[in-house]
Amino acid sequence: MPEPGKKPVSAFSKKPRSAEVAAGSPAVFEAETERAGLKVRWQRAGSDISASDKYGLAAEGTRHTLTVRDVGPADQGSYAVIAGSSKVKFDLKVIEPEKTEPVPSPAPTPAEAPGAPREALASATEAEGGSPSPEGSSSAAPDGPGAPDDPIGLFVMRPQDGEVTVGGSITFSARVAGASLLKPPMVKWFKGKWVDLSSKVGQHLQLHDSYDRASKVYLFELHITDAQATFTGGYRCEVSTKDKFDSCNFNLTVHEAIGPGDLDLRSAFRRTSLAGGGRRISDSHEDAGTLDFSSLLKKRDSLRTRRDSRLEAPAEEDVWEILRQAPPSEYERIAFQHGITDLRGMLKRLKGMRRDEKKSTAFQKKLEPAYQVSKGHKIRLTVELANPDAEVKWLKNGQEIQMSGSKYIFESIGAKRTLTISQCSLADDAAYQCVVGGEKCSTELFVKEPPVLITRPLEDQLVMVGQRVEFECEVSEEGAQVKWLKDGVELTREETFKYRFKKDGQRHHLIINEATLEDAGHYALHTSGGQALAELIVQEKKLEVYQSIADLTVGAKDQAVFKCEVSDENVRGVWLKNGKELVPDSRIKVSHIGRVHKLTIDDVTPADEADYSFVPEGFASNLSAKLHFMEVKIDFVPRQEPPKIHLDCPGRVPDTIVVVAGNKLRLDVPISGDPAPTVTWQKTITQGNKVPAGPAPDAPGDAGASDEWVFDKKLLCETEGRVRVETTKDRSVFTLEGAEKEDEGVYIVTVKNPVGEDQVNLTVKVIDVPDAPAAPKISNVGEDSCTVQWEPPAYDGGQPILGYILERKKKKSYRWMRLNFDLLRELSLEAKRMIEGVVYEMRVYAVNAIGMSRPSPASQPFMPIGPPSEPTHLAVEDVSDTTVSLKWRPPERVGAGGLDGYSVEYCREGGSEWVAALQGLTEHTSLLVKDLPTGARLLFRVRAHNVAGPGAPVTTKEPVTVQEILQRPRLQLPRHLRQTIHRRVGEPVNLLIPFQGRPRPQVTWTKEGQPLAGEEVSIRNSPTDTILFIRAARRTHSGTYQVTLRIENMEDEATLVLQIVDKPSPPQDIRVAEAWGFNVALEWKPPQDDGNTEIWGYTVQKADKKTMEWFTVLEHYRRTHCVVSELIIGNGYYFRVFSHNMVGPSDKAATTKEPVFIPKAGITYESPSYKALDFLEAPSFTRPLVNRSVIAGYNATLSCAVRGSPKPNISWFKNGLDLRDDARFRTFSKQGLLTLEIRKPCPFDGGIYVCRATNLQGEAQCECRLEVRVPQ
């Protein structure tokens, strides 16, 4: 029973609706119940409907169908369907079919087919002014007589495929049922996949809609006039309401009109508007445009014989070469002229061929061929122009993009031009062009749709062997691609003999017509954005008997009714009499309504006394009972005979009469007496309580031992409500319609006449199904299981409780799944195989010999959640005299319950009492435990918590002693700080030096032995490191810095060398030392300021006095004098020199003040006399090798400088071994600078290295020691 104050829940998930049916046609009404097994009754005008030639009743699972055959005016009226306490009314209206005059035609169109619906005929002949369509026009709206009714969706009639000739007209119609809609539906017409036809309304296309108030049907029409060949293709009609959606696809074929004269094929394939590689402009309604090659492909075969010979391509032309040289806008025209059918494939191959493109004069950098962006994101299209001042236009599908709000943003930065498209949608999927003057570059923008999400998941199902299974799932996108899997294995289309896949808009169905035990398992649906999982449980088919047939004892001319109730309402059976099948006739009737099977025998005769059995089909069981015929013997008595009640019982106390609640109670008492006695029926009113549910008693108790207290008697009248008393001369019949619990008790029959009286007490017991148990309680919720407990019902129905049935469902679902098929004897059950993180509800049924009770109220919703696993890597980070710092990592398994936090506890070594280290939980993975006793040895443990409770703890492996640990101070100087630190002037200096030491050491910084002073240098210290920070370095910050750590009498220190460098000043005193022939000798002095670092060399440049363009003569020149040669005679030259260091060249150069002229040769030349000079010189090292210490694994070099004439030969030795043939060593010689490179040295490469220089004048050598250190 529903709770007071709450609205009862309907037993129907789908209700039948009123309908209008033409006379002579069948009418079908469907209803679906929330669960299987409910008894459903159909009524008309308040009377039950049974199966007959006129009415057809069918039941399949939860679906129930009423079919009214050959509907006539007499069938019009009000109908109803009843299930449980729910009743739904609906009407049937019968309309006469309209008679239409036949229209003569050579071949009937689909609209003229006999038997077509009235609506189809109306739409087929509909045209302007109500006249027939002109020649070449047709209608695609009607359904043929064989078109199936649409049982799912909103359409009453869907638009059908149509054909029309060029220049003709056609109308597509769609009808939508509006009886159940509060607002008019939204209807959209599309061509292809995306083109919305509402933006194309104009000369050739109109959209109309109307509403018929009588039939409550919406009519939507698409009119196409003056059809063109480009209109051929697929179309789609979509209708949507607040909570429903439906769509229908149909095709239009436009045939060419064959006429005399030349045929201009180009005009037949004109597209309404094309731009940017064939993309349609949705904002245009003009008919002029470029050629539509897609239409040509569809009619290529039919048009090839009629093509103008002028359009045929010459055989000797190379189509590949033509396509390579042509712009993309001409591809379709070329393909049309040369009869190319696979243009898309040719263009793909064309991309792989190298194409000689002319260099663009307007663009330095063009757009990419294509861009891709996700829906809702923004995209930037950038080009770089050759002329920064040029005007730029941006086009979309050939139309200029105008500034409108924040959708399009135009940017201009120097020579770059950028178009930013914000919040990209599918409408932005188009071709874009950037136009500069007469040149343009193009690109394609592809908008990627979001992933397909699951909006309505799959639901678990429990079926019997042979039943139909249908999984249904709803996704976020219509027509999305999905995959069905069973136990992780994909179900393919090749298995259609077993599985059937169905798409209905956003809904996807997996159907198994006849389930077997092998079909049980986990089924999943995968999309690009998620998955849905459900379990299918298939059980062996079992039949339970809720009510068996009982023995009957009836008298002559009475009615005998055998009734039984089984668990499956689809089970049929056979009635047997003494083992032979019983054939129904006018006196013997057999009925089957839902789960109840009845055998009714009218006017019982002695021949009807026999054993009767009901045998269910397909099950090895039968139900038997015996019919006893009671004969009334009348003996001759004297005329004055006292009244007497004749009962067929051993003693005067009759047996208890048991009746099932809801059945008719009939007490037939034979009487005698002369004169005829008067009969009085009375019922004792008793006081007591309902018998609580419990185990059945071993034996019925004595009637006289009842605890009930009789305090009154109620006289039963002959016609009082459900009571009817009929008395004849020889018997008195007491009938009670629909026995109830209150009718239970002792009935007293009293007969009187003048001679005497007689009285008999009849005990009646009413038995019923038990009351619904209370809501079950859930406990011990685990990861995939829980414990369900419940109490027995308050009333057991008068029969002992045989067991219980438990069901569960998901919170947001309406489908209950049975957890047990064998009755549960206990009052608890551990439910398993649940999905973690899903909310469930439980309910329970009580079952006795009469049947199954109503379900209990649903339990409190609960979610199977397991606690998280233990945290990992618990470690002690730090210890002081009163604190311990702990850290850990999150658990490996968290589960659907998430992670609420962590609890930390500690206990003394050897103890068992754990103390919480903090109140509540912490979300961090580290904790500083404070206020601990100094010197104590403690164990620590950490637990992870979620809504399911705490998980397993992780405990420290060894006890922790709470005591400060003395650690010597130690500086951990990084490797890059052990060498000279170079920084440029103005750069920040940030030197971080980690250190160790406990307790926290004292840090002191000094420079050149003096404490640091001033605000420019700041020191920042932490417990684990120290930082020297200079915001902007200056030359004065260069020097040696010392950092010292001190803990009591222990200390550690480190030294850092900081060198602030800058660019050098220019060289000094540059002058021309000598000029002769084509040569000039220059000399200069080193710069006054070397920038606080070594001078790496000089750069010498020259400039002609006429042009003053400077050209570099020497680079990285290390000497302070040079000779510039190859000068031009008659020209004047200036010279300048830059100095270089590690920072770079000097800002200024030292330049000669006066030009140096190279004189022309005279008429006579007298060679000057030169003193013979001896330039021969023995080798000598101007810069010897120096000892070095390097780190293993890093390349090292040894350098020196040598001079000598002639040029000496250089040899390198290591420990006396020649290194000439060793591949690990490389030697370089450039202008006297010698270098030996050692690639990734190892400790074995250390030793004495010798460089030896030799020429004809002698030899020289220098050596050094190389130490290779291994990093610690």
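The rules behind these values
Residues numbered from 1 in each chain as written. Predicted model: local features only at pLDDT ≥ 70, side-chain atom pairs only at ≥ 80, totals over all residues. Heavy atoms only, no water. Helix = DSSP H or I, 4+ residues; strand = E, 2+ residues; numbered from the N terminus. Buried < 20%, exposed > 50% of the residue type's maximum accessible area, 1.4 Å probe, protein only. Contact = heavy atoms within 4.5 Å. Areas by Shrake-Rupley, 256 points an atom, 1.4 Å probe, with all protein chains shown as cover. Pairing = 2+ DSSP bridges. Axes fitted to C-alpha atoms, helices over the stretch in contact; angles between N-to-C directions. 1 Å grid on protein atoms, 1.4 Å probe; cavity = no way out; pocket = protein on both sides within 12 Å on 5 of 7 lines; lining within 4 Å. Points joined across faces, edges and corners; volume = space filled by probe spheres on them. Phe/Tyr/Trp six-rings, centres within 6.5 Å; stacked < 30°, edge-to-face > 60°. Lys NZ or Arg CZ within 6 Å of the ring centre and 35° of its normal. pLDDT = per-residue confidence, 0-100.

Take the overall build of the chain next. Of regular secondary structure, the chain possesses seven helices and 99 strands. Looking at the 1272 residues of the chain, the share that counts as buried comes to 39%. If you take every contact in the chain between residues at least 6 apart in sequence, the share linking residues at least 24 apart comes to 63%. As displayed, the chain offers around 74,000 Å² of accessible surface, 50% of which is attributable to carbon and sulfur atoms.

The antiparallel open sheet is built from three strands, whose spatial order is 83-84-87. Among the strands making up the open sheet, the edge pair consists of strand 83 (1068–1076) and strand 87 (1121–1124). Taken pair by pair, the neighbouring strands of this sheet meet at an average axis angle of 20°, ignoring direction. Pairing of strand 83 with strand 84 (residues 1079–1085), which is carried by six bridges, proceeds in the antiparallel orientation. Residue pairing in the sheet places V1072 in a bridge with L1082 of strand 84.

In this structure, strand 16 (residues 205–212) lies alongside strand 17 (residues 217–224), joined through eight bridges in antiparallel fashion. The residue of strand 17 that forms the bridge with L205 is I224. The hairpin turn running from strand 16 into strand 17, its antiparallel successor, is four residues long, and K216 in that turn takes a positive phi close to 55°.

Taken as a whole and judged by the stated rule, the model has three cavities of 30 Å³ or more. Space inside the second largest cavity adds up to approximately 80 Å³. In this structure, the second largest cavity is lined by E459, D460, R808, K809, K810, S813, R815, M817 and Y840.

Our focus in this paragraph is the packing of aromatic side chains. Per the counting criterion, the structure on display carries 21 aromatic pairs. Between W1084 and Y1098, the ring centres sit 5.6 Å apart and the planes meet at 70°, which makes this aromatic pair edge-to-face. A residue pair is termed long-range when its members are at least 10 positions apart, and W1084 in strand 84 and Y1098 in strand 85 (residues 1095–1104) qualify at 14 residues. What links up through ring pairs into an aromatic cluster is the set F29, W42, Y79 and F90. Across from the ring centre of W914, 4.2 Å away, lies the NZ or CZ of R941, which sits over that ring.

With 83% of its residues at a pLDDT of 70 or more, the chain shows a mean pLDDT of 81. Within the chain, the element-level pLDDT minimum falls on helix 1 (residues 118–124), averaging 33, and the maximum on strand 88 (residues 1132–1141), averaging 95. Note on residues 259–316: pLDDT is under 50 here. Beyond four places in sequence and across chains, it has 115 contacts. Counting contacts from residues 687–711, a segment whose pLDDT is below 50, to residues more than four positions away or on other chains yields 28 contacts.

Sheet strands pair via backbone hydrogen bonds, and the direction of the pair is either parallel or antiparallel. Spatially, 23-30-29-25-26 is the arrangement adopted by the five strands of the open sheet, whose pairing is mixed. Of all the strands in the sheet, just strand 23 (370–374) and strand 26 (399–400) have a single pairing partner and so form its edges. Of the pairings in the sheet, the one linking strand 23 to strand 30 (residues 439–448) comprises five bridges and is parallel in character. Each bridged residue has a counterpart across the sheet, and for A370 the counterpart in strand 30 is E444.

Here R998 and P999 are connected by a cis peptide whose omega angle stands at -10°. Here the amide bond leading from S1205 into P1206 is cis, since omega sits at 0°, within 30 degrees of zero. Its identity is not glycine, yet D603 carries a phi of approximately 50°, on the positive side. D603 sits in the partly exposed class, given a relative accessible area of 41%. Phi is positive for N1092, close to 65°, though the residue is something other than glycine. Summarising the element assignment, N1092 is placed in the loop between strand 84 and strand 85. With relative accessibility at 26%, the residue N1092 sits in the partly exposed group.

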